[in-house]
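Structural characterization, general
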Amino acid sequence: STPPPTAGITNNTGSTILTCSTTSISLTATGGDSYQWNDDNNTTTADLTVTSAGTYIVTVTNAGGSSTTSINITSNTTAPTAGITSGTTIITCSTPSISLTATGGGTYLWDNNSTSANRSVSGSGTFTVVVTSSNGCTASASINITSNTTAPSTPTVTVTDNCDGSSDLYTS
């Protein structure tokens, strides 16, 4: 007589976590002649592509009977919390450049294609960074930098001679 099958699941993707960069996981049932998955479609082939978290159970059948096994798939699609910090947002004559620091972890990509967390700017405008976390999810942050580099106005001094030889009147 034929012994009952030993159900198995091969994870072809190598991960049991769905992320922003791993959006599907490929599974293959092993050990039998026919297969029945518990997915939404009641898939009856050995291969199953998973795109949502859950416990996936397969029933493996052969002439000797059937057996089941399962695999738990989880999801981590949390986006990072992107941010930009700076000491000031106004470029002035005494502060001709501003240091910007991207926050949120992972990797950074600024709108000028630099990939450092830190960036220095010397002109006004809106500056944007995209933060990518280890799960491949992204978020962006922007900061508006303004400029006030107008020199102070030069006072106009008017001298009025009061004809006493010493106490002239100065006004601006």
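Check the entry above for the structure.
What this report covers is the structure whose coordinates are included nearby. (Residues numbered from 1 in each chain as written. Predicted model: local features only at pLDDT ≥ 70, side-chain atom pairs only at ≥ 80, totals over all residues. Heavy atoms only, no water.)

Focus on the overall build of the protein chain
Scanning the protein chain from N- to C-terminus turns up zero helices and 16 strands. The C-alpha atoms of the protein chain give 34 Å as radius of gyration, which overshoots the globular expectation for 172 residues (16 Å, by more than 25%). In terms of overall dimensions, the protein chain has C-alpha extents of about 135 × 25 × 15 Å along its principal axes. Here the protein chain, with 172 residues, has 25% of them falling under the buried criterion. For the protein chain, restricting intrachain contacts to residue pairs at least 6 apart in sequence, the fraction spanning at least 24 positions comes to 42%. (Helix = DSSP H or I, 4+ residues; strand = E, 2+ residues; numbered from the N terminus. Rg over C-alpha atoms; globule rule 2.2 N^0.38 Å. Buried < 20%, exposed > 50% of the residue type's maximum accessible area, 1.4 Å probe, protein only. Contact = heavy atoms within 4.5 Å.)

Structural notes on the pattern of salt bridges
Summed over the entire model, instances satisfying the criterion amount to one salt bridge. Note that Asp-111 is salt-bridged to Arg-119, the shortest N-O span being 2.5 Å. Given the relative accessible area of 13%, Arg-119 is considered buried. (Salt bridge = Lys/Arg side-chain N within 4 Å of Asp/Glu carboxyl O.)

Considerations on the side chain of Asn-135
Within the fold, Asn-135 resides in the loop between β13 (125-132) and β14 (138-148). Take Asn-135: its relative accessible area is 7%, and that puts it in the buried class. Looking at Asn-135, its side chain comes within polar contact range of the side chain of Asn-76, at 3.0 Å. With sequence-adjacent residues up to four places away left out, Asn-135 is seen in contact with Thr-19, Cys-20, Ser-21, Asn-76, Thr-77 and Thr-78. (Polar contact = N/O pair within 3.5 Å; in protein donor to acceptor, adjacent residues only side chain to side chain.)

So, the state of the cysteines
One pass over the structure, following the stated rule, counts one disulfide. Bridging Cys-20 to Cys-137, the disulfide has an S-S length of 1.9 Å. What sets the handedness of the Cys-20 and Cys-137 disulfide is the S-S torsion sign, and at about 85° it is right-handed. Here the residue Cys-20 occupies a position in the loop between β2 (17-19) and β3 (25-30), and Cys-137 occupies one in the loop between β13 and β14, the gap between them amounting to 117 residues. Residue class for Cys-137 comes out buried when judged on its relative accessible area of 1%. (Disulfide = S-S within 2.5 Å.)

Function cannot be inferred from these measures alone, as they are strictly geometric.
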